[in-house]
Number of protein chains: 2
Amino acid sequence: MDLTTVREIFKNKEAYLDKEVQVGGWVRSNRGSKAFGFVVLNDGTYFEPIQVVYHDTMDNFADISKCNVGAALIVRGTLVATPEAKQPFEIQAEEVTVEGPSAPDYPLQKKRHSFEYLRTIAHLRPRTNTFQAVFRVRSLIAYAIHQYFQERQFVYVHTPLITSSDCEGAGEMFQVTTLDLKNAPLTEDGAIDYSQDFFGKETNLTVSGQLNGETYAMAFRNIYTFGPTFRAENSNTTRHAAEFWMIEPEIAFADLDDDMDLAEGMLKHVIRYVLENAPEEMNFFNSFVDKGLLDRLNGVLNSEFGRVTYTDAVKILEENNHRFEYKVSWGCDLQTEHERFLTEEVFKRPVFVTDYPKEIKAFYMKLNEDGKTVAAMDCLVPGIGEIIGGSQREDNYDKLVARMEELGLKKEDYEFYLDLRRFGSTRHAGFGLGFERCVMYLTGMGNIRDVIPFPRTVKNCD
Amino acid sequence: MDLTTVREIFKNKEAYLDKEVQVGGWVRSNRGSKAFGFVVLNDGTYFEPIQVVYHDTMDNFADISKCNVGAALIVRGTLVATPEAKQPFEIQAEEVTVEGPSAPDYPLQKKRHSFEYLRTIAHLRPRTNTFQAVFRVRSLIAYAIHQYFQERQFVYVHTPLITSSDCEGAGEMFQVTTLDLKNAPLTEDGAIDYSQDFFGKETNLTVSGQLNGETYAMAFRNIYTFGPTFRAENSNTTRHAAEFWMIEPEIAFADLDDDMDLAEGMLKHVIRYVLENAPEEMNFFNSFVDKGLLDRLNGVLNSEFGRVTYTDAVKILEENNHRFEYKVSWGCDLQTEHERFLTEEVFKRPVFVTDYPKEIKAFYMKLNEDGKTVAAMDCLVPGIGEIIGGSQREDNYDKLVARMEELGLKKEDYEFYLDLRRFGSTRHAGFGLGFERCVMYLTGMGNIRDVIPFPRTVKNCD
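Under the annotation held in an unreviewed UniProt entry, chain A carries the name Asparagine--tRNA ligase and is attributed to Cuneatibacter caecimuris. For chain A, the Subunit (unreviewed entry) comment in UniProt is given as "Homodimer."

Laid out in structure tokens, this is it:
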């Protein structure tokens, strides 16, 4: 069908004024009188709707007047300027076709609905202002991330979702099986006989693509992943979902400084891209969801991120222990209250905390020369706390094996990973960005359920 | 680290000639003599490697000479033109640092390895020419697809991976569970008690995001998905994987013609993008993997795709039934041999076959006025057969419900989907592109296991 989009009309209005246009969209409101009526129409391509004026000279005037919120219309008419009105222009309709009416029980009427209620109608909520904005911005963030890495010649790697090994034991895993749960086959010694399962062994959904990603960084130098990951954690919070997307770049011939440069560049690129490509949506969030949002994001764009070691950060925090629920001392993991204090009060900008005690970080992180800390970094941003976690990886075979033994990890489970340290090992680093956390950060939305189209959480898979 | 990439040197050689450069990469070959040696170095950023000359004036000459294939080096030296040699230039090294040696049992020596063997070392095969080419092109195809849709303002939707409903019963599904398989809880009547499972119900891995995608097309007009899908089919072929990625665009206020235009535009965009951005890789495939590849792809770029109804296609095929293993008659599903005959022999270009008998297509496809066929389309391309399948969707509530009843589908399982036909229904259409099939098509690779970094197939999840 040859329809103009509402976006195209708003972006190039001079080209359309006083010309005939044809648009298709859904009714946001419909006010009729005996002689004429006004429909506010949204076609999903642009945050702002367009007003349509229709008249009783049309044969189907009564049908149009009856149209409920949500009905689909195709409108042909002339775009005319309305300098005295709130909206810049409207369509004086010559023809309005009711493509699909909307039943009287349409749940989205003009009044404001709570996010809680809208979660119960996940298939309809993208038709509301808030969720139009959230899910368009989500899409733009995803593309900005791809663009950032692809323009820098990073290779996008699809790491596997179904795995037979657990990367770092991070959280509980979902099992994947084709066995009949009622009659699962057993081996002679009474264990589940996974040789009869689809893959011939026990399999789970991945919690991270990092280790696989490293194998590709050792071939392509710079790679990134962008795919779903899963956690079967029984935590019912505003920040945890069972299914979420992660971005995990990995760079070879690179150290922790390179890693931080990459993370800072990526965050700034994404923020800039979204501010440029969704100004209407971002203004909406700033007005109705999170008042300080634009100031905060512009602040990030215009600042050089701070860098502080964990040891120095702990000194600062210890001096302020009276302000915290959890008191800080060297060796402890930082809580969100500490992270936010550092980035919001001390540095007043994003800050990388580096070189954490090895005990609170993963086995694959590079041991520093002090023997106590590892070359890890967390990126803390105002309003959220940690948004990115990364590290330089241990590239020395002997040190990696020693650390694995300390932690009771079996060498034979990581042969492929150790091979990378036997055949052309090089310093390399990477980080993980939780995509949904990034969307929350850029939109100001407070609940992860409201930035995922169909969220999966404990006891919820509708 | 401040290293120049080999890609940068090849793309802007004038800027680097006779200047000092520093590169990091992995040894592809190393030929030494008493006084000097040649290393061919690949840094993963560019298909072509770069030659490095080193001399016995270096303190670590012996160490460099000993370097096995696969070792990681950092080289500092001067880029000099070599007009009389095969390669256009080389680096006269001033300093070579052995970043990581390669153990003597490195499996990738200079000889050619079979794809079968390389599958057993999936973590190392991206270091070979063929798989460097495959996985760089895979990455470029993925980005080209995003670019095509994003430049047209399509919204990228992440449809869920874990689902509690089966889209269209397409193939066998994997179950996702946190229940203890050895002691799965039972209800009073002896069934598995899924109320105790993580989501409180039985859940599976998705086989298609289409139905969820439609809900977003009814809000944003034009959307696409790009995510993993899963089939637990017990078929051990060169074209089936248990885990693969799909692209599923969905467009509202659009019919089957619009759908075909979109598919044709997308395929051409992707081919053009890859030919422009990976000419070295594409020449390699054309020379060593699939001789006719470039001719075929250029043929697609320069032709307008054909369009023929299933009914007319069957007439053509019936006249040639003597050539087929499976004889064709109206009502039967087309096999690859028929598809390839149509596109390769009859049309000699890609062709859309449209309007299939409803019995061989899915319940959601729009019934044509003849009452016998549906507004479906398959896109057939030379060398492969079907690469895309799509349809206009049934947007009429009563007709959709009638079709579901014919097929024994329960209305209550599809309430959200039927809602789309009750609230502002509009003509809409979409298609599915199997991403791996697309990668095979553009590279000429014959086995799906060789276009997925870590493929998952029956009895294989390593």
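Participant: Report on the overall build of chain A, specifying residues and quantitative values.
Facilitator: When helices and strands are tallied, chain A shows 14 helices and 16 strands. In terms of its C-alpha atoms, chain A occupies a principal-axis envelope of roughly 85 × 60 × 45 Å. Out of the 462 residues belonging to chain A, those deemed buried represent 62%. Per element, the accessible surface of chain A, about 17800 Å² overall, is 46% carbon and sulfur. When the 51 basic and 71 acidic side-chain charges of chain A are each reduced to a single mean position, those positions are 4 Å apart.

Participant: Describe the side chain of His428(A), listing the residues and the values that go with them.
Facilitator: Residues and elements named next belong to chain A. Among the secondary structure elements, His428 is positioned in strand S16 (residues 428–434). In this structure the side chain of His428 is engaged in a polar contact, spanning 2.9 Å, whose partner is the backbone oxygen of Thr426. In this structure, His428 is in contact with Glu214, Met218, Glu250, Ile251, Ala252, Ala254, Gln392, Arg393, Asp395 and Arg421, ignoring residues within four places of it in sequence.

Participant: Could you give an account of the state of the cysteines, with specific residues and numbers?
Facilitator: All names here are of chain A. One pass over the structure, following the stated rule, counts 0 disulfides over all chains. No disulfide involves Cys438; its sulfur sits 11 Å from that of Cys379, the nearest cysteine. Taking the relative accessible area as the measure of exposure, Cys438 reaches 0% and is therefore buried.

Participant: Tell me about the confidence of the model for chain A, and name the residues and values.
Facilitator: Looking at chain A as a whole, the pLDDT averages 95, with 98% of positions reaching at least 70. As a predicted assembly, this complex carries a pTM of 0.97 together with an ipTM value of 0.97.

Participant: A description of the domain arrangement of chain A should follow, citing residues and the corresponding values.
Facilitator: Residue and element names in this part refer to chain A. Once the domains are mapped, chain A shows domain 1 (6–100) and domain 2 (127–171 + 207–450). Between the C-alpha centres of domain 1 and domain 2 there is a distance of 45 Å. Contact residues are listed per partner, giving 9 residues for domain 1 and 10 residues for domain 2. Of the roughly 810 Å² buried at the junction of domain 1 and domain 2 (both faces included), carbon and sulfur atoms supply 40%. The interface formed by domain 1 and domain 2 contains 1 salt bridge. Residue Lys11 pairs with Glu280 through a salt bridge whose shortest N-O separation is 3.7 Å. Considering only residue class, the side of domain 1 that touches domain 2 consists of 2 nonpolar, 4 polar and 3 charged.

Participant: Give me the nonpolar core: which residues, what numbers.
Facilitator: Formed by 185 residues in total, the largest nonpolar core has its most connected members in Ile141(A), Phe174(A), Ile388(A), Ile141(B), Phe174(B) and Ile388(B). Leaving out residues up to four positions away in the same chain, Ile141(A) has contacts with Val270(A), Val274(A), Phe435(A), Cys438(A), Val439(A) and Leu442(A). Counting residues in hydrophobic clusters, the runner-up holds 37 residues, among them Met218(A), Val308(A), Leu418(A) and Ile74(B).

Participant: Any details on the interface of chain B and chain A? Residues and values, ideally.
Facilitator: In this assembly, 119 residues from chain B lie in contact with 119 residues from chain A. Regarding the contact of chain B and chain A, the summed buried area is about 9400 Å², with carbon and sulfur atoms giving 61% of it. For the pair chain B and chain A, the interface holds 8 salt bridges. Between Arg422(A) and Asp105(B) there is a salt bridge whose closest N-O contact spans 2.7 Å. Taken together, the links from chain B to chain A amount to 51 residue pairs in polar contact (both at pLDDT 80 or more). Ranked by residue count, the leading element in the side of chain B that touches chain A is helix H5 (residues 129–151) of chain B, at 12 residues. Per-class residue counts for the side of chain B that touches chain A are 61 nonpolar, 37 polar and 21 charged. Bridge count between strand S8 (residues 175–177) of chain A and strand S8 (residues 175–177) of chain B: 3 bridges; the pairing is antiparallel. Following the sheet pairing, Gln175(A) is matched in S8(B) by Thr177(B).

Participant: An account of helix H9 (residues 293–301) of chain A is requested, with residue identities and associated values reported.
Facilitator: A turn of α-helix holds 3.6 residues, and therefore any two residues three or four places apart point the same way. Residues and elements named next belong to chain A. Turning to H9, its buried residues number three or more, namely Leu293, Leu294, Leu297, Val300 and Leu301. One side of H9 carries all its buried residues, which in axial view fall inside an arc of 125 degrees. Where H9 is buried, its residues meet helix H7 (256–277), helix H8 (279–288) and helix H14 (435–443).

Participant: Summarise the environment of Ser287(A); cite the residues concerned and give the values.
Facilitator: Relative to the helices and strands, Ser287(A) resides in helix H8. In this structure Ser287(A) comes out as partly exposed when scored by relative accessible area, which is 36%.

Participant: Just give me the short version of the relation of the copies chain B and chain A, but keep the residues and values in it.
Facilitator: Note on the copies: chain B fits chain A at an RMSD of 0.0 Å, the axial shift is 0.0 Å, and the rotation between them is 180 degrees. Within this description, the copies of the chain are treated as partners about a two-fold rotation axis. Minimal C-alpha separation from the rotation axis in chain B is found for Val176(B), amounting to 2.4 Å.

Participant: Now, about the sheet that holds strand S9 (residues 203–205) of chain A: what can you tell me, with residues and values included?
Facilitator: One open sheet holds the 6 strands; their spatial order is S7(A)-S9(A)-S8(A)-S8(B)-S9(B)-S7(B), and the pairing between them is antiparallel. The sheet terminates laterally at strand S7 (162–163) of chain A together with strand S7 (162–163) of chain B, the two strands that pair on one side only.

Participant: Residues and numbers for the packing of helix H5 (residues 129–151) of chain A against helix H6 (residues 210–220) of chain B, please.
Facilitator: In the contact formed by H5(A) and H6(B), the axes pass within 11 Å of each other and the chain directions differ by 115 degrees. The orientation of H5(A) with respect to H6(B), classified from their angle, is roughly perpendicular. The chirality of how H5(A) crosses H6(B) is left-handed. On H6(B), the residues touching Phe131(A), Gln132(A), Phe135(A) and Arg136(A) of H5(A) are Tyr216(B), Ala219(B) and Phe220(B). When its residues are assigned to classes, the contact of H5(A) with H6(B) shows 5 nonpolar, 1 polar and 1 charged.

Participant: Help me get a handle on the packing of aromatic side chains, residues and values and all.
Facilitator: Overall, the coordinates contain 66 aromatic pairs over all chains when judged by the stated rule. Ring geometry for Trp26(A) and Phe253(B): centres 5.2 Å apart, planes at 55 degrees, overall tilted. Of this pair, Trp26(A) sits in strand S1 (residues 20–32) while Phe253(B) sits in the loop between strand S11 (243–252) and helix H7 (256–277), each in a different chain. You'll find Trp26(A) and Phe253(B) in the same group, each marked buried. With a centroid separation of 4.9 Å and 85 degrees between ring planes, the pair formed by Phe198(A) and Phe174(B) is classed as edge-to-face. In this pair, Phe198(A) sits in the loop between S8 and S9 while Phe174(B) sits in the loop between S7 and S8, so the two residues belong to two different chains. The two residues Phe198(A) and Phe174(B) agree in class, both being buried. Joined through ring pairs, the aromatic side chains of Phe115(A), Phe131(A), Phe135(A), Phe454(A), Tyr216(B) and Phe220(B) make up one cluster. Seen from the ring of Trp330(B), Lys372(B) lies directly overhead, with NZ or CZ sitting 5.3 Å from the centre.

Conventions used here
- Residues numbered from 1 in each chain as written.
- Chains lettered and ligands numbered in written order.
- Predicted model: local features only at pLDDT ≥ 70, side-chain atom pairs only at ≥ 80, totals over all residues.
- Heavy atoms only, no water.
- UniProt positions renumbered as here; feature names shortened; annotations may be inferred.
- Helix = DSSP H or I, 4+ residues; strand = E, 2+ residues; numbered from the N terminus.
- Buried < 20%, exposed > 50% of the residue type's maximum accessible area, 1.4 Å probe, protein only.
- Areas by Shrake-Rupley, 256 points an atom, 1.4 Å probe, with all protein chains shown as cover.
- Lys, Arg positive; Asp, Glu negative; His and termini not counted.
- Charge placed at Lys NZ, Arg CZ, Asp CG, Glu CD.
- Polar contact = N/O pair within 3.5 Å; in protein donor to acceptor, adjacent residues only side chain to side chain.
- Contact = heavy atoms within 4.5 Å.
- Disulfide = S-S within 2.5 Å.
- pLDDT = per-residue confidence, 0-100.
- Domains from an automatic or database assignment.
- Buried area = accessible area lost by both parts, 1.4 Å probe.
- Salt bridge = Lys/Arg side-chain N within 4 Å of Asp/Glu carboxyl O.
- Nonpolar A, V, L, I, M, F, W, Y, C, P; charged D, E, K, R; others polar.
- Core = buried A, V, L, I, M, F, W, Y, C linked by side-chain atoms within 4.5 Å.
- Pairing = 2+ DSSP bridges.
- Arc of directions from axis to C-beta.
- Least-squares fit on C-alpha atoms with pLDDT ≥ 70 in both.
- Axes fitted to C-alpha atoms, helices over the stretch in contact; angles between N-to-C directions.
- Parallel < 35°, antiparallel > 145°, perpendicular 65-115°, else oblique.
- Left-handed = near helix turned anticlockwise from the far one by under 90°.
- Phe/Tyr/Trp six-rings, centres within 6.5 Å; stacked < 30°, edge-to-face > 60°.
- Lys NZ or Arg CZ within 6 Å of the ring centre and 35° of its normal.

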